[in-house]
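Here is how the chains run, residue by residue.
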Amino acid sequence: MRAFGRPQGVLGRLGGAIMARMNEPLGNWVLDLLAVQPTDHVLEIGFGPGVIVRNVSRRAPQGHVAGVDPSPVMVEQARARCASAMQSGRVDLRLGSAESLPFADNRFDKALAINSVQVWQEPSRRSTREIRRVLKPGGLVALGFTSYSGQSRDGLLEHLSGIGFTAPEMKETGNGFCALARKP
Ligand SMILES: C[S@@+](CC[C@H](N)C(=O)[O-])C[C@H]1O[C@@H](n2cnc3c(N)ncnc32)[C@H](O)[C@@H]1O
């Protein structure tokens, strides 16, 4: 947990550097699945070292990227990585968690979490209902996992449809998988 789950201290800094190298390919694949558009407003939950936030901001130069992560070490790393986009106001990275997202209803076109759901304190209804709340009608959610994340595919799609998402779909790639669904 101190290195990867909720990074803290020296181990957390090291964990952030490792995740920045290892998780980017899966994160970019999830961005392809979401088909991020230049004007999209995107939320990443549990952004870790901020590599995917940075990549979203490049794909959505006229849009906006927001994120929450409860680890001060990760917020610091991600803010440093996204400094220029933050200065221009296109990126907003906050200390916070999935259980209580500090954003208005119907705010985002797309929301994603990579290798994060498995470490949320309350991984079921409260957090995913929060994601549903902040997505615009028609907005997409993507929960992506590398094959070494420890997360099982079982029940993910049922969970998303159980809280009112539609068109749940499991996508597979060589090094992981992603549950996708849409807010009606
Ligand atoms: C294994 S890391 C993955 C980081 C990044 N998404 C990646 O793929 O490299 C898990 C991240 O989820 C964050 N996290 C832990 N609990 C969380 C929660 N309740 N809500 C949101 N993020 C959380 C951690 O602080 C950490 O940055």
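In case you missed it, the structure is sitting above this.
Residues numbered from 1 in each chain as written. Predicted model: local features only at pLDDT ≥ 70, side-chain atom pairs only at ≥ 80, totals over all residues. Heavy atoms only, no water.

S.K.: Could you clarify how one ought to interpret a nonpolar patch on the surface in this entry?
M.R.: Taken together, the side chains of Phe4, Leu11, Leu14, Ile18, Met22 and Tyr148 define a hydrophobic patch exposed on the protein surface, amounting to about 590 Å² of accessible area. Within the element layout of this structure, leucine 14 appears in helix H1 (residues 9-22). (Patch = residues over 30% accessible without salt bridge, like charges linked within 9 Å, V, L, I, M, F, W, Y side chains within 5 Å. Areas by Shrake-Rupley, 256 points an atom, 1.4 Å probe, with all protein chains shown as cover. Salt bridge = Lys/Arg side-chain N within 4 Å of Asp/Glu carboxyl O. Helix = DSSP H or I, 4+ residues; strand = E, 2+ residues; numbered from the N terminus.)

S.K.: Teacher, can you tell me more about the packing of aromatic side chains here?
M.R.: Given two aromatic rings, their pairing is described by the distance between the two centres and the angle made by the two planes. Tallying each qualifying case throughout the model produces two aromatic pairs. When the ring of phenylalanine 103 is compared with that of phenylalanine 108, the centres are 5.3 Å apart and the planes differ by 85°; the resulting orientation is edge-to-face. Overall, phenylalanine 103 belongs to the buried group, its relative accessible area being 7%. Judged by its relative accessible area of 0%, phenylalanine 108 falls in the buried class. (Phe/Tyr/Trp six-rings, centres within 6.5 Å; stacked < 30°, edge-to-face > 60°. Buried < 20%, exposed > 50% of the residue type's maximum accessible area, 1.4 Å probe, protein only.)

S.K.: Before we go on, may I ask you to explain the sheet that holds strand S3 (residues 91-95) in this structure?
M.R.: Neighbouring strands of a sheet are bound in pairs by backbone hydrogen bonds; such pairs are parallel or else antiparallel. What the seven strands build is an open sheet, ordered S3-S2-S1-S4-S5-S7-S6; its pairing is mixed. Because the sheet does not close on itself, it has two edges, and the strands there are S3 and strand S6 (166-173). The average undirected angle you get between the axes of adjacent strands in this sheet is 15°. Both strand S2 (residues 64-69) and S3 contribute to a ladder of five bridges, which runs parallel. The partner of valine 65 across the bridge, within S3, is valine 91. Strand contacts of helix H4 (residues 72-81): S2 and S3, with the helix running at about 165° to S3, the strand carrying the most contacts. (Pairing = 2+ DSSP bridges. Axes fitted to C-alpha atoms, helices over the stretch in contact; angles between N-to-C directions. Contact = heavy atoms within 4.5 Å.)

S.K.: Explain the environment of valine 134 to me, please; I cannot follow it from the model alone.
M.R.: Mapped onto the secondary structure, valine 134 falls in helix H6 (residues 125-134). The buried category is assigned to valine 134, whose relative accessible area is 0%. Placed 26 residues apart in sequence, valine 134 and phenylalanine 108 show a C-alpha to C-alpha distance of 6.2 Å. Excluding anything up to four places from it in sequence, valine 134 contacts Leu43, Leu101, Phe103, Ala104, Asp105, Asn106, Arg107 and Phe108.

S.K.: So what exactly am I meant to see when it comes to the site of the ligand here?
M.R.: In the region of the ligand, 25 residues are neighbours, and Gly46, Asp69, Ala98, Ile114 and Ser116 sit closest. Here the ligand, which alone exposes 590 Å², has 96% of that area covered by the protein. In terms of residue class, the shell around the ligand is built from twelve nonpolar, nine polar and four charged. (Near = heavy atom within 4 Å. Nonpolar A, V, L, I, M, F, W, Y, C, P; charged D, E, K, R; others polar.)

S.K.: Honestly, the pattern of salt bridges in this entry has me stumped. Any pointers?
M.R.: For side chains of opposite charge, pairing can occur when their charged atoms come near one another. By the definition in use, this model includes ten salt bridges. Measuring nitrogen to oxygen at the nearest pair gives 2.7 Å for the salt bridge that ties lysine 110 to aspartate 40. Of the two residues, lysine 110 sits in strand S4 (residues 108-114) while aspartate 40 sits in the loop between helix H2 (24-34) and strand S1 (41-45), which places them 70 residues apart along the sequence. For the pair formed by lysine 110 and aspartate 40, the shared burial category is buried. Among the salt bridges present, the one from aspartate 92 reaches arginine 94, with a minimum N-O distance of 2.9 Å. Among the residues examined, arginine 94 registers a relative accessible area of 30% and is labelled partly exposed. Here the residues in one salt-bridge network are Asp105, Glu130 and Arg133, joined through shared partners.

S.K.: What is the right way to read the pairing of S1 from this model?
M.R.: For a regular strand, side chains alternate in direction, first toward one face of the sheet and then toward the other. Of all five residues that make up S1, four are buried, and the element is covered over most of its length. Viewed along the sheet, the connection from S1 through helix H3 (residues 51-59) into S2 turns out right-handed. In the sheet, S1 pairs with S4 via three bridges, with the strands oriented parallel. The residue of S4 that forms the bridge with glutamate 44 is leucine 112. (Right-handed = clockwise from strand over helix to strand, strands pointing away.)

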